Amino acid sequence: MRLRNSSLRTGSLLTCFEPADRARNRSLLFLVSGPADIEPLTALETVCRRSIESAGLDVFEWNALSDQGQLAEVDPLLDASRLTRLEVVELAGIALADLERLLVPVLERLARGEADLFPAAGGAVGAPAEGIQFLGREAELADLARRIEVGEDLLLHAPRRSGKTSVLRQLEKRLEGVRAAVYLNLERDLSPHDIAARCWGLATGERYRPAQRRVEELGWEQVLAESFRTLASARSSPLVLLLDELVFFFQNLRKGADEKEHEEAVLAFLRKLTGILEDVDAHLVVAGSLDLPEYLCSVGIDAQEIPPRFRGLQPYSLPPLAVESPALEMRRVLLGTGLVPEVGDLEWLVETVDLGIPYPALRFLDQLAARLRTVGRLDRERMTAFLDEFLDETDAFDEFEEHLARKGALLPGARRSVSQVLDQIAERPADEGVLERWVRERLERDVPGHGDRLLAWLVETFPLRREEGRIVFASHLFQRWWRRQLAETGARR
Amino acid sequence: MSSPVLFYNPREASAEVLEAMLVGRDEVVSELEEDLRRQSRSATRQHWLIRGPRGIGKTHLMGILYHRVRQNGALSAAYLPVWLSESEVYEVYSVAILLLGIARQLVEELRNGGDSGASAMEDRIRELEHGGDDPALFEELCEVLREEAGRRGKILLVLMENLDALFSGFAKQRSGQEVRRLRSLLTEEKHFLFLSTTPTRYLAQISDPKAPLYGHLKERTLQTLTEDQVGELFRSLGKVTGQRKRGELLAGSSEEGRLRRRVVHRLAGGNPRSVVMAFSVIAGVPGVKAVVEEMSALLDAQTAYFEARLAQLAPRERAIVAAMALAPNNLTLQEISRLTRLPERSLSTQTDRLIEKGHLAPVEGESGKGTIYELTDGLFRVWYQYRKGRRVLWPIVHFLSIWFSEEELERDLSNLLSEGIRELDLLEGSRTAMAVRHLRKALEWARSEEGKLVRAELWKPTLKRLPKPGKLDIENVISNLEKTTRGLAAHSDPRLAGIGMSMEVLTGSMLAATGREEKAEEFISLATARLMAGAPLSEKTLPQMLHMILLSFDRKWIQTWTALLSIHYPDAAETARLYRLVVEVLEAGDGGGAREGRSAARQRRALARVPPELRRSVEELVAQAKESHRRSREPRGRRAPQQR
């Protein structure tokens with residue numbers, strides 16, 4: 001593996017000029033390093049030309065570039081800051097159909113005026129991923145939208161750093177036109193008054209201070225209700241409230257209050273919100289790093305006391321990322337990161353790192369890119385060592401251990417049993433897994449009366465998937481991590 | 001003309017000086033620049049954290065980026081850079097107050113850039129009436145900054161140092177809320193891009209998987225400079241200060257230049273600020289006086305930061321930190337307990353808290369009894385000792401004692417003392433007194449056994465380039481060597497015992513290097529028998545023998561030798577100690593189980609336990625031993641030719 005050499009002199013330049021103003025342009029520069037690049041260059045030019053023709057995109061122009069230092073000689077209006085450089089070798093050896101799948105969306109993006117063409121591993125290490133940085137999740141978004149459409153209120157849950165907020169933000173966009181989605185992150189708010197003031201600002205465009213005065217005058221309940229009415233009436237389609245970090249807000253609310261007061265405050269907020277949702281006929285999606293039902297239970301709120309809209313939230317567990325073509329998706333990330341795979345590297349990454357759990361995988365690729373900036377090139381053996389070093393140092397999977405510990409505390413024997421099942425799956429070759437029936441029986445034997453429920457919990461909590469009667473890891477990276485843990489702690493278990 | 005500037009303050013330095021002195025940071029600067037370009041057109045905001053110990057060049061890096069963004073057309077069209085002063089963060093107790101600092105600095109930036117909106121923005125900020133803890137102030141400042149950035153179609157690039165101090169500034173009972181508010185700022189407000197730094201290796205608020213900000217920042221760690229980069233920095237310093245000759249002293253490719261470069265590199269530990277200091281010290285007495293003064297000023301400048309960090313600690317935690325700062329070595333819980341008189345049983349809770357707060361780090365062991373702890377910020381120890389009236393700055397003492405010969409130190413000291421007798425003004429007199437104190441200590445250390453050993457090790461000449469091997473008949477050489485050595489072994493003349501031992505080690509090494517392990521063992525056994533019998537040892541050949549044994553033989557031999565040396569050869573105790581430490585570090589790095597990836601970390605921790613003055617030597621020997629071991633495991637045909 002090495003980094004892209006963006007300083008190669010010669011290449012083929014594809015530019016998208018805006019018809020109304022040629023000064024507004026974006027380009028792709030395919031750099032060549034020698035005669036071996038000619039054939040792949042011809043292939044990718046063919047694919048691009050065909051796609052451009054079939055889409056009728058007459059805004060593109062090709063130019064041969066003998067020296068990228070003399071860009072202005074091609075056209076003085078060329079915008080060098082919106083030029084994406086790729087080495088032809090990065091796209092060599094790809095079947096034409098795959099090349100088309102890879103490049104057509106890029107051309108569409110260029111035509112739409114976007115200069116960000118590929119997801120970068122370090123582009124959204126911790127921040128919510130938007131635009132090109134958002135990977136996959138087509139099926140989940142479609143499913144969520146469908147369930148909202150049929151009237152379900154949803155509780156989106158998944159481990160930390162698995163992209164819940166990103167999914168909510170994408171869902172907001174996805175629902176445009178069919179639903180009026182309102183995204184609200186509550187972690188910055190200390191009281192319902194703060195939420196009401198922000199909502200009023202959102203609904204009317206007013207600044208915070210007048211909104212706050214309004215809350216002081218009319219009370220948070222009234223302003224919150226008015227805000228949602230205003231939001232609903234301003235939109236022709238029904239409202240969907242996307243509520244992020246509700247539990248954080250409740251925790252903030254707890255400060256200084258005794259248990260009873262806190263319980264009442266939480267219930268009062270939920271009741272009011274329920275009333276408002278019903279008043280404006282809105283749907284609800286709740287997400288967050290902390291589990292809402294678990295939190296409500298922990299503060300002593302009886303399930304029957306929870307308003308029905310919140311009690312009836314349908315759990316939606318965000319599964320590990322399943323991309324249609326893992327190799328193609330990995331290639332997109334490598335292109336966005338400037339990583340140039342050498343023979344066999346891409347296959348190794350797909351089989352070892354994959355993108356099943358994007359956060360640690362992207363973090364690894366980002367760190368790999370940083371290492372390559374220093375050392376220039378890494379062979380497979382060194383990449384493997386670097387990956388193992390990363391896995392030994394990373395805390396990204398620690399939460400799974402916590403889940404196990406919590407389950408073990410609630411259900412004696414569960415931790416050991418589930419760990420042993422995971423050990424068994426991890427020890428099998430990747431994608432082979434173990435029989436689901438065996439897992440159920442094993443869990444039932446160890447924790448009588450809980451086999452089915454534990455199995456469901458296991459598949460929901462860990463990056464696993466069901467596949468033709470077998471349970472397999474949905475993330476090779478996690479499998480490798482688990483194996484390393486197993487090697488270390490196997491004897492202890 | 002030469003400039004008297006010794007240290008530089010990146011905040012006050014011009015963009016040109018910063019660029020001229022940028023060494024070894026090309027990769028990270030270009031990565032950050034590329035990322036800024038990418039983010040200028042991206043919907044996602046990816047915030048950054050640059051880590052690295054004090055003096056590694058974080059502020060320099062901030063300065064470089066600040067100026068480049070301002071000077072580059074595309075970047076300045078996309079960003080409004082706001083470089084917060086280092087002290088700004090010490091006064092922050094809530095995220096709203098941080099935003100207030102950003103807003104005020106933005107007004108300054110706008111005003112300096114001739115932006116007509118600066119006054120209006122200033123008025124708007126003045127009108128904000130809420131308290132620093134009030135969520136309303138946070139919301140309103142978000143609004144102000146969002147609108148100001150939006151009006152100009154730009155992103156606010158906030159360059160902020162000491163992120164750790166920001167977290168420490170939050171009141172304990174409100175810390176969680178503030179961190180969450182900061183998170184919402186980072187994730188929701190697209191008009192902000194934060195580029196922050198921290199000298200701490202661990203920051204619970206972003207490193208703990210349970211923390212709200214876990215994994216939110218893209219991190220890079222600034223590395224120490226390599227030997228060649230030290231030379232490059234010397235050359236740059238020579239140019240910047242108009243002292244090209246001195247700059248070339250270390251930058252050149254001559255044997256002497258390389259040797260000096262290596263010495264400075266080891267003494268400075270590759271830390272750029274220390275290299276700058278070394279540049280001044282090399283000037284001799286005037287430099288020593290100036291450096292002592294500059295370093296005192298540097299320590300004074302850190303007072304606000306360190307005081308603020310100390311103030312955050314509970315009295316017992318403060319006592320622990322103080323004890324560690326005053327101790328010459330890293331400490332175990334038992335030692336901390338003895339020094340602080342705190343009960344040992346409660347110490348692990350307190351040390352855990354100090355680790356969480358980024359003050360301490362375990363250097364050996366995970367935590368608890370037997371674990372050795374160190375202060376994470378090396379400068380803190382120097383500052384604390386200095387503040388406690390120990391007016392000797394040990395980094396300077398060590399440098400002086402190694403760079404200059406005893407004669408040079410004596411001469412400088414005597415000159416300074418005679419200068420002190422003359423009538424001098426108060427300030428000059430005080431400077432001289434400080435320089436005298438440091439020279440005196442340097443001379444003391446240079447005369448000590450330990451000082452001599454370290455100096456000899458550091459100034460050991462580098463191997464001269466050898467001609468290409470040509471048609472050397474290695475088999476023949478080894479065969480002759482074997483014969484000669486066996487001949488010597490058969491000779492019972494006690495005068496030849498020392499030479500015989502050296503030959504046996506050398507022959508054994510040659511045999512081991514060519515894969516004849518069994519025969520090699522035979523020769524090292526012979527040499528060891530001589531050592532046990534008390535064969536005379538030469539001061540010069542002993543380190544060479546130990547070096548060969550370390551590189552060529554099983555580790556058990558070096559263990560045997562160091563043990564025997566400790567018992568039979570008191571004069572060689574220091575050399576034996578050095579190699580014993582090397583073995584300890586190597587052992588710490590042994591796989592010891594399936595989780596081999598941890599071994600490197602264990603080895604780092606073991607190395608951290610080595611006294612600072614020996615650390616470089618140990619580190620180098622460990623690296624050589626590992627490389628030698630690695631090579632010996634390679635199939636013979638695939639081994640790359642040994643580099644000379």
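Residues numbered from 1 in each chain as written. Chains lettered and ligands numbered in written order. Predicted model: local features only at pLDDT ≥ 70, side-chain atom pairs only at ≥ 80, totals over all residues. Heavy atoms only, no water.

Draft legend 1. Representation of the confidence of the model for chain B in the model. All names here are of chain B. Averaged over all residues, the pLDDT of chain B equals 81, while 89% of them reach at least 70. Note that residues 463-469 has pLDDT below 50 and, in this model, 5 contacts with residues that lie over four places away or in other chains. In the predicted structure, residues 635-644 sits below a pLDDT of 50 and forms 13 contacts with residues beyond four places in sequence or in another chain. Interface predicted TM-score (ipTM) for the complex: 0.86; the corresponding pTM is 0.75. (pLDDT = per-residue confidence, 0-100. Contact = heavy atoms within 4.5 Å.)

Draft legend 2. Highlighting the pattern of salt bridges. In the structure shown here, the tally under the stated rule is 84 salt bridges over all chains. A salt bridge links Arg377 of chain A to Glu342 of chain A; its shortest N-O distance comes to 2.5 Å. Residue Arg377 of chain A is located in the loop between α15 (358-375) and α16 (380-393), and its partner Glu342 of chain A is located in the loop between β11 (339-340) and α14 (345-352); the two are separated by 35 residues in the primary sequence. The class of Arg377 of chain A is partly exposed, set by a relative accessible area of 48%. Ionic pairing is found between Arg181 of chain B and Glu178 of chain B, a salt bridge with its closest N-O pair at 4.0 Å. In this pair, Arg181 of chain B and Glu178 of chain B are both assigned in helix α9 (residues 175-188), 3 residues apart and thus about one turn of the helix distant. Like Arg181 of chain B, the residue Glu178 of chain B is buried in the burial classification. When salt bridges with common partners are traced through the structure, they connect Arg188, Asp189 and Arg198 of chain A together with Glu139, Arg146, Glu188 and Glu189 of chain B into a single cluster. (Salt bridge = Lys/Arg side-chain N within 4 Å of Asp/Glu carboxyl O. Helix = DSSP H or I, 4+ residues; strand = E, 2+ residues; numbered from the N terminus. Buried < 20%, exposed > 50% of the residue type's maximum accessible area, 1.4 Å probe, protein only.)

Draft legend 3. How the structure looks around unusual backbone geometry. Residues and elements named next belong to chain B. Positive phi, close to 55 degrees, is recorded for Asn162, a residue that is not glycine. Overall, the relative accessible area of 3% leaves Asn162 in the buried class. Of note, Arg341 is a non-glycine position whose phi angle comes to about 60 degrees, a positive value.

Draft legend 4. Quick look at the interface of chain A and chain B. Contacts between chain A and chain B engage 53 residues on the former and 55 residues on the latter. Carbon and sulfur atoms supply 41% of the area buried between chain A and chain B, which totals about 4800 Å² over both sides. Interface area lost by chain A to chain B is led by Arg188, Arg209 and Arg373 of chain A, which between them contribute 18%. For the interface between chain A and chain B, the tally reads 14 salt bridges. Across the pair Glu188 of chain B and Arg188 of chain A runs a salt bridge, and its minimum N-O distance is 3.8 Å. In this assembly, chain A and chain B are joined by 23 residue pairs in polar contact (both at pLDDT 80 or more). Of all the secondary-structure elements, those providing two or more residues to the side of chain A that touches chain B are β7 (180-185), α6 (192-204), α7 (208-218), α9 (246-254), α15, α16, α17 (398-410) and α21 (476-489) of chain A. Of all the elements, α15 of chain A adds the most residues to the side of chain A that touches chain B, at 5 residues. For the side of chain A that touches chain B, the per-class residue count stands at 16 nonpolar, 12 polar and 25 charged. (Buried area = accessible area lost by both parts, 1.4 Å probe. Polar contact = N/O pair within 3.5 Å; in protein donor to acceptor, adjacent residues only side chain to side chain. Nonpolar A, V, L, I, M, F, W, Y, C, P; charged D, E, K, R; others polar.)

Draft legend 5. Representation of the nonpolar core in the model. Residue and element names in this part refer to chain B. One finds Trp561 and Val618 to be the most contacted residues of the largest nonpolar core, which totals 159 residues. At 11 residues, helix α5 (residues 95-112) tops the list of elements feeding residues into this core. Those residues in contact with Trp561 that lie beyond four places of it in its chain are Met501, Val505, Ile524, Ala527, Thr528, Leu531, Met545, Leu546 and Ile549. (Core = buried A, V, L, I, M, F, W, Y, C linked by side-chain atoms within 4.5 Å.)

Draft legend 6. Examining the sheet that holds strand β2 (residues 79-83) of chain B more closely. Residues and elements named next belong to chain B. Reading across from one edge, β2-β3-β4-β1-β5 is the order of the 5 strands in this open sheet, with parallel pairing throughout. Of all the strands in the sheet, just β2 and β5 (218-221) have a single pairing partner and so form its edges. Taken over all neighbouring pairs, the strand axes of this sheet differ in orientation by 15 degrees on average, direction set aside. Both strand β1 (residues 48-51) and strand β4 (residues 192-198) contribute to a ladder of 4 bridges, which runs parallel. Among the inter-strand pairings, Arg51 is bridged to a residue of β4, identified as Thr198. (Pairing = 2+ DSSP bridges. Axes fitted to C-alpha atoms, helices over the stretch in contact; angles between N-to-C directions.)

Draft legend 7. Summary view of helix α8 (residues 220-233) of chain A. Relative to the 20 Å expected for 14 residues at 1.5 Å per residue, α8 of chain A spans 20 Å between its end C-alpha atoms, a close match to the ideal helical length. Buried residues of α8 of chain A: Trp220, Val223, Leu224, Ala225, Glu226, Ser227, Phe228 and Leu231 of chain A, and no others. (Expected span 1.5 Å × (residues − 1).)

Draft legend 8. Representation of the environment of Tyr202 of chain B in the model. All names here are of chain B. Relative to the helices and strands, Tyr202 is located in the loop between β4 and α10 (204-207). Judged by its relative accessible area of 33%, Tyr202 is partly exposed. Sequence separation of Tyr202 and Ala361 is 159 residues, and the distance between their C-alpha atoms is 8.3 Å. Apart from the residues lying within four places of it in its own chain, the contact partners of Tyr202 are Arg51, Ser207, Asp208, Ile355, Glu356 and Gly358.

Draft legend 9. Fine view of the layout of surface pockets. All names here are of chain A. Here the second largest pocket defines a volume of roughly 1300 Å³. Contributing to the lining of the second largest pocket are 47 residues, with His157, Asp291, Pro293, Glu294 and Arg406 lying nearest its centre. The biggest single contributor to the lining of the second largest pocket is helix α11 (residues 292-298), with 7 residues. Of the residues that constitute the lining of the second largest pocket, the class distribution is 25 nonpolar, 9 polar and 13 charged. (1 Å grid on protein atoms, 1.4 Å probe; cavity = no way out; pocket = protein on both sides within 12 Å on 5 of 7 lines; lining within 4 Å. Points joined across faces, edges and corners; volume = space filled by probe spheres on them.)

Draft legend 10. Summary view of the packing of helix α11 (residues 227-240) of chain B against helix α13 (residues 255-268) of chain B. Residue and element names in this part refer to chain B. Interaxial distance between α11 and α13 falls to 9 Å at its minimum, and their mutual angle equals 100 degrees. Put simply, α11 runs roughly perpendicular to α13. Counted together, Glu227, Asp228, Val230, Gly231 and Phe234 of α11 and Arg258, Arg261, Arg262, Val264 and His265 of α13 form the full contact between these two elements. Here the residues of the contact of α11 with α13 sort into 3 nonpolar, 2 polar and 5 charged. (Parallel < 35°, antiparallel > 145°, perpendicular 65-115°, else oblique.)

Draft legend 11. Expanded view of the environment of Arg235 of chain B. All names here are of chain B. Relative to the helices and strands, Arg235 is located in helix α11. According to the relative accessible area criterion, Arg235 is partly exposed, its value standing at 31%. With 11 residues separating them along the chain, Arg235 and Arg246 place their C-alpha atoms 8.0 Å apart. Not counting chain neighbours up to four residues away, the residues in contact with Arg235 comprise Gly247, Glu248, Ala251 and Gly252.

Draft legend 12. Main features of a negative patch on the surface. Residue and element names in this part refer to chain A. A cluster of acidic side chains, namely Asp258, Glu259, Glu261 and Glu264, defines a negative patch on the protein surface. Along the chain, Asp258 turns up in the loop between α9 and α10 (259-279). On the basis of relative accessibility, which here comes to 42%, the residue Asp258 falls in the partly exposed class. (Patch = residues over 30% accessible without salt bridge, like charges linked within 9 Å, V, L, I, M, F, W, Y side chains within 5 Å. Areas by Shrake-Rupley, 256 points an atom, 1.4 Å probe, with all protein chains shown as cover. Lys, Arg positive; Asp, Glu negative; His and termini not counted. Charge placed at Lys NZ, Arg CZ, Asp CG, Glu CD.)

Draft legend 13. Focus on the sheet that holds strand β9 (residues 283-287) of chain A. Residues and elements named next belong to chain A. The strand order β7-β8-β9-β6-β10 describes an open sheet built from 5 strands, whose pairing is parallel. Either end of the sheet is taken by a strand with one partner, and the two such strands are β7 and β10 (314-317). Across the sheet, the mean angle from the axis of one strand to that of its neighbour is 20 degrees, orientation sign disregarded. Bridge count between strand β6 (residues 154-157) and β9: 3 bridges; the pairing is parallel.

Draft legend 14. Region of the structure containing the packing of aromatic side chains. Inspection of every chain in the model, using the stated rule, returns 31 aromatic pairs over all chains. For the pair Phe192 of chain B and Phe194 of chain B, a centre-to-centre distance of 5.9 Å together with 15 degrees between the ring planes defines the contact as stacked. Note on Phe194 of chain B: relative accessible area 4%, which makes it buried. Aromatic ring contacts, followed pair by pair, group Phe397, Phe400, Trp457, Phe462, Phe473, Phe478, Trp481 and Trp482 of chain A into a single cluster. Lying across the ring of Phe248 of chain A, Arg180 of chain B places its NZ or CZ 3.8 Å from the centre. Sitting above the plane of the Phe138 of chain B ring, Arg181 of chain B keeps its charged end 5.3 Å from the centroid. (Phe/Tyr/Trp six-rings, centres within 6.5 Å; stacked < 30°, edge-to-face > 60°. Lys NZ or Arg CZ within 6 Å of the ring centre and 35° of its normal.)

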